[in-house]
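Survey of secondary and tertiary structure
Here is what each chain is made of, one letter per residue.
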Number of protein chains: 2
Amino acid sequence: MSLNIAILTTGDELVNGEMSDTNTARIAQLLGSWGYIVRESRAIGDDEVEIETALKDMSGRRDVIISTGGLGPTDDDLTARIAARAFGRRLVLNEEALAQIRRFFAEKNKEMHPRNEKQALLPQKTVILPNRLGTAPGFHLCHEQCDMFFLPGVPREMVDMLKEQVLPRLHERSGGQAPRQERILKVFGLSEPKVEEHFSQAPLPEGVELAFGVEFPFVYVKLRACGDQAGALLDRAEMHTRKVLQPFVFAVGQETLAGNVARMLTDTGLTLALAESCTGGMISQMLTDIPGASRFLERGGVTYSNAAKQDWLQVSEDILNQEGAVSKACAQAMAQGIRQAAGTDLGLAITGIAGPDGGTPDKPVGTVFLALSTTGEERVQGYRFSGDREQIRHISACMALEWLRRYLGNLY
Amino acid sequence: MSLNIAILTTGDELVNGEMSDTNTARIAQLLGSWGYIVRESRAIGDDEVEIETALKDMSGRRDVIISTGGLGPTDDDLTARIAARAFGRRLVLNEEALAQIRRFFAEKNKEMHPRNEKQALLPQKTVILPNRLGTAPGFHLCHEQCDMFFLPGVPREMVDMLKEQVLPRLHERSGGQAPRQERILKVFGLSEPKVEEHFSQAPLPEGVELAFGVEFPFVYVKLRACGDQAGALLDRAEMHTRKVLQPFVFAVGQETLAGNVARMLTDTGLTLALAESCTGGMISQMLTDIPGASRFLERGGVTYSNAAKQDWLQVSEDILNQEGAVSKACAQAMAQGIRQAAGTDLGLAITGIAGPDGGTPDKPVGTVFLALSTTGEERVQGYRFSGDREQIRHISACMALEWLRRYLGNLY
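Owing to the predicted nature of the structure, the values given are computational and were not obtained by experimental measurement.

Some thoughts on the nonpolar core
- Counting 43 residues, the largest nonpolar core has L272 and L401 of chain B as the members making the most contacts within it.
- For this core, the secondary-structure elements that each account for two or more residues are β11 (218–225), β12 (249–252), α9 (257–268), β13 (272–276), α10 (282–288), β15 (346–352), β16 (367–373) and α14 (389–408) of chain B.
- Examining the composition of this core, we find that 11 residues originate from one element, α14 of chain B, more than from any other.
- Each of domain 2 (181–252) and domain 3 (257–408) of chain B accounts for three or more of the residues forming this core.
- Once residues lying within four places of it in the same chain are set aside, the contact partners of L272 of chain B are L265, L287, F296, L297, E298, R299, T344, L346, L348 and L404 of chain B.
- Counting 42 residues, the second-largest nonpolar core is a separate cluster that includes A258, L265, I283 and L348 of chain A.

Rendered as structure tokens:
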């Protein structure tokens with residue numbers, strides 16, 4: 001029987017519209033990846049009566065409650081006091097918690113404010129959940145059949161404690177191991193039905209379950225397995241998937257497309273220059289988001305005007321007049337031009353019509369040409385992407401990065 | 001007495017981590033801007049028993065429930081049936097709803113699938129809430145003291161119906177008008193305490209309440225007023241705020257910094273070229289996000305290497321050797337160089353150290369130089385921003401846009 005789990009997030013900012021509650025999705029995602037199903041999530045303002053009512057109601061109907069928020073040092077941080085009252089415990093100074101808070105300040109060479117002592121006032125008979133990244137210790141409280149985990153609201157503290165403190169206890173309550181393990185392979189360039197078709201022709205090893213997610217413009221392939229052999233099964237399933245979907249898998253787990261391209265450029269020592277028209281600097285921006293991009297990115301030109309294409313990239317007037325700025329010939333000339341101007345190993349160029357205006361019957365909105373110039377070869381291709389301006393720009397930039405990934409990985 | 005309002009969102013994807021629930025924050029924000037306070041929000045999977053339990057529990061404790069999701073044509077869209085059962089109504093074919101669905105397909109010249117008829121099966125004695133943007137009509141059901149509004153889960157349909165259908169009914173139940181109106185002025189370059197200080201020296205007109213929000217790197221000033229005169233009061237308060245915080249207010253309401261700069265460039269007919277180093281294309285990207293950017297943006301150079309700065313921007317070797325690429329002199333030369341290369345009215349340049357590496361004692365991470373070159377004048381300034389790489393890049397790009405806004409608005 002699977003655990004019946006609920007989430008409770010507290011904080012005025014979550015219900016007055018000042019902030020989006022991101023903790024719920026983080027918790028649900030992490031638990032889901034281990035096979036735990038969240039039945040319900042509640043967000044409630046900093047109101048004692050509301051929180052107490054919710055805690056009592058939920059504890060009677062759930063096996064597990066994961067609560068976030070309200071553990072800070074200020075007056076509107078009410079969670080510990082409410083939990084004590086709701087479940088008939090006294091609120092006491094927890095020496096272990098106090099020692100942890102003191103240690104946190106000592107390690108940071110900061111003075112501890114007296115009000116931080118309040119964070120060690122916890123319900124009696126609770127187990128402390130250490131917080132490595134902040135001052136607020138969490139706590140674990142059992143009432144009748146319900147395991148309640150109280151975590152701080154700061155996302156990175158909450159996630160760390162969820163992984164380190166809560167998950168092992170859930171595994172234990174589930175009979176010693178997680179119901180399920182998950183590995184996510186990220187796919188670009190195949191639609192979800194296409195991916196499914198590939199798997200129907202070459203099924204996964206037995207015992208591995210398949211699920212899909214879509215995060216535009218990517219498809220996420222979720223491989224899931226249970227039991228002692230889950231890790232080994234997922235290794236085999238990952239190999240199988242990479243072979244079946246070759247060359248469309250661009251990342252696994254937390255990896256990103258731009259991150260993998262940056263790593264491959266750094267590893268190979270190759271240098272890159274970019275010439276962007278319709279993406280307007282987005283490719284540069286995605287690559288320079290990554291620390292150390294100056295090791296491989298020599299320069300990028302956002303050549304919006306024809307003059308810029310002629311001047312910086314040596315695109316000929318003939319091409320611009322006869323083929324137009326959005327054409328195969330122009331993309332190719334841009335890639336060659338930027339590579340020569342920058343003296344780099346690779347020159348990548350993109351030109352297209354992101355809309356909403358500027359389309360023609362011949363070249364409708366979404367028409368995009370990509371070109372890559374290297375020592376050994378020239379490559380150019382046209383696309384017709386659909387979507388709004390933002391989507392067309394985004395998928396175009398991703399396709400450009402994907403070209404680099406395939407070139408660098410010898411995947412053509 | 002203010003209305004006691006709760007939100008109920010349904011859908012497996014909201015609790016299994018596949019999607020973040022954005023509807024809750026949207027609803028809370030919109031209601032909050034009219035002075036309505038949300039007490040609680042629940043997210044629940046597509047489970048009949050769970051949803052019915054939640055609806056019954058909430059309807060007994062709240063004046064208003066706003067529910068989203070589960071109104072679609074497929075089998076896991078359960079909301080209408082559950083609502084009927086929970087509140088003892090029969091589920092009947094609602095002719096008005098059916099006519100609306102038929103009209104929606106007819107207007108789109110699409111054939112209606114038989115399963116869409118299911119969307120007209122609604123509880124008896126409900127009021128239809130028309131959906132202008134999709135197939136699923138919403139409905140309004142009263143049970144005892146509770147007003148329940150059932151809306152589709154698609155965000156743009158939900159928001160439109162919330163504004164058009166739900167808000168007027170809430171105003172009515174609140175005695176004919178909204179408890180409060182709100183206007184948000186967006187501020188860049190002043191911290192929240194500084195903004196507060198300005199207001200303490202020049203208080204707002206009586207009857208206007210002041211609140212703050214922070215969305216890095218901006219401060220939001222929220223002006224709020226009640227009663228018949230709220231609109232006029234907010235007009236006066238906005239004028240007052242603009243005068244007191246001059247020149248730091250860059251936008252009001254839904255306006256954005258990049259959007260306002262783009263509009264001012266378009267209106268004045270001035271042309272722009274950019275030279276970016278540490279921001280790596282982010283400024284170009286923000287401006288080209290806006291349709292029609294090709295009217296004012298001639299080109300942008302992401303000049304990461306010294307060679308690119310010399311070659312494209314004519315920055316002298318002397319400056320690079322003696323002052324370095326991150327210096328006042330280099331920023332100024334870059335701005336002049338890009339303006340000349342592009343032949344534009346304005347040349348804007350930025351160079352700095354975004355980190356995490358590359359800092360020195362003299363020029364630590366966060367050191368950024370901005371320069372603007374125009375027909376009439378040259379301007380250059382150094383900054384020390386704090387934060388991580390992402391924050392430093394973001395605040396730098398915003399400061400560059402703010403320079404343009406002030407120049408174009410004669411606000412220096």
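A closer look at a negative patch on the surface
- Negative charge collects at one region of the surface, where D12, D47, D75 and D76 of chain A lie side by side.
- Mapping D76 of chain A onto the fold places it in the loop between β3 (64–68) and α4 (79–86).

Section: the pairing of strand β14 (residues 297–302) of chain A
- The buried count for β14 of chain A comes to six of six residues, which makes it a mostly enclosed element.
- Bridge count between strand β13 (residues 272–276) of chain A and β14 of chain A: five bridges; the pairing is parallel. Looking at β14 of chain A, one finds that L274 of chain A is bridged to G300 of chain A.
- Note that the unit made of β13 of chain A, helix α10 (residues 282–288) of chain A and β14 of chain A has a crossover that is right-handed.
- Here β14 of chain A pairs with strand β14 (residues 297–302) of chain B via three bridges, running antiparallel.

Digging into the relation of the copies chain A and chain B
- Each copy superposes on the other: chain A lies on chain B with an RMSD of 0.1 Å after a rotation of 180° and an axial shift of 0.0 Å. With respect to symmetry, the two chain copies, as superposed, fit the operation of a two-fold axis.
- Here 100% of the interface residues in chain A have copies in chain B that are interface residues too; the copies meet face to matching face.

Observations regarding the packing of helix α3 (residues 48–61) of chain B against helix α4 (residues 79–86) of chain B
Residues and elements named next belong to chain B.
- Between α3 and α4, the least distance of the axes is 10 Å, while the angle of their chain directions is 50°. Between α3 and α4, the crossing angle belongs to the class labelled oblique. Both α3 and α4 take part in a crossing whose hand is right-handed. Taking contact as the criterion, the partners of E48, I51, E52, L55 and K56 in α3 are, on α4, R81, I82, A83, R85 and A86.
- Each residue belonging to the contact of α3 with α4 can be placed in one class, and the counts come to five nonpolar, no polar and five charged.

Overview of the side chain of N94 of chain B
Residue and element names in this part refer to chain B.
- Along the polypeptide, N94 turns up in the loop between β4 (91–93) and α5 (95–107).
- Judged by its relative accessible area of 15%, N94 falls in the buried class.
- A polar contact is formed between the side chain of N94 and the backbone nitrogen of A97, at a distance of 3.0 Å.
- Aside from chain neighbours lying at most four places away, what touches N94 is A120, L122, T126 and I128.

Things to note about unusual backbone geometry
Residues and elements named next belong to chain A.
- A cis amide bond, omega 0°, links F216 with the succeeding residue P217.
- Note on placement: P217 falls in the loop between β10 (208–215) and β11 (218–225).
- One non-glycine residue, K125, lies in positive phi territory at about 55°.
- With respect to the helices, strands and loops of the structure, K125 is situated in the loop between β5 (121–123) and β6 (127–129).
- Judged by its relative accessible area of 74%, K125 is exposed.

About the thresholds
All residue numbers refer to position in the chain's written sequence, counted from 1. Both sets of labels track the order of writing: A upward for chains, 1 upward for ligands. Restriction of local features to residues with pLDDT of at least 70 applies here, the model being predicted, together with a cutoff of 80 or more for giving and counting side-chain atom pairs; totals for whole chains, interfaces and linings are based on all residues. Hydrogens and waters are ignored; side-chain quantities use all the structure's heavy atoms. Remark: nonpolar core denotes a set of buried residues (Ala, Val, Leu, Ile, Met, Phe, Trp, Tyr, Cys) joined through side-chain atoms within 4.5 Å. We call a residue buried when its accessible area falls under 20% of the maximum for its residue type, exposed when it is over 50%, and partly exposed in between, using a 1.4 Å probe and counting protein chains only. Secondary structure elements follow DSSP: runs of H or I of four or more residues count as helices, runs of E of two or more count as strands, with numbering from the N terminus. Where each domain begins and ends is defined by an automated method or by a domain database. Contacts are assigned to residue pairs with any non-hydrogen atoms lying within 4.5 Å of each other. Every patch collects residues that have over 30% relative accessible area and no salt bridge, joining them within 9 Å if they carry like charges and within 5 Å if they are nonpolar side chains (Val, Leu, Ile, Met, Phe, Trp, Tyr). Throughout, the Shrake-Rupley method with a 1.4 Å probe supplies accessible areas, and for residues the shown protein chains are the sole cover considered. Should a side-chain nitrogen of Lys or Arg be within 4 Å of a carboxyl oxygen of Asp or Glu, the pair is scored as a salt bridge. Charged residues are defined narrowly, with Lys and Arg counted positive, Asp and Glu counted negative, and His plus the chain ends left uncounted. A charge is said to be at NZ when it belongs to Lys, at CZ for Arg, at CG for Asp and at CD for Glu. A strand pair is defined by DSSP finding two or more bridges across the two strands. Here, the term right-handed applies to a crossover whose path from the first strand over the helix to the second runs clockwise when the strands point away from the viewer. Least-squares fitting of one copy onto the other uses the C-alpha atoms of those residues that reach a pLDDT of at least 70 in both copies. All axes are obtained by fitting lines to C-alpha atoms, using only the stretch in contact for helices, and the reported angles, taken between N-to-C directions, cover 0 to 180 degrees. An angle counts as roughly parallel when it lies under 35 degrees, as roughly antiparallel when it exceeds 145, as roughly perpendicular when it falls between 65 and 115, and as oblique in every other case. Throughout, a crossing is termed right-handed when the near helix is turned clockwise from the far one, and left-handed when it is turned anticlockwise from it by less than a right angle. Side-chain classes are defined by residue name, with Ala, Val, Leu, Ile, Met, Phe, Trp, Tyr, Cys and Pro counting as nonpolar, Asp, Glu, Lys and Arg as charged, and the others, Gly among them, as polar. As used in this structure description, the phrase polar contact means that two N or O atoms lie within 3.5 Å; if the pair is within protein, one of them must be able to donate a hydrogen and the other to accept it, and residues adjacent in sequence are counted only when both atoms belong to side chains.

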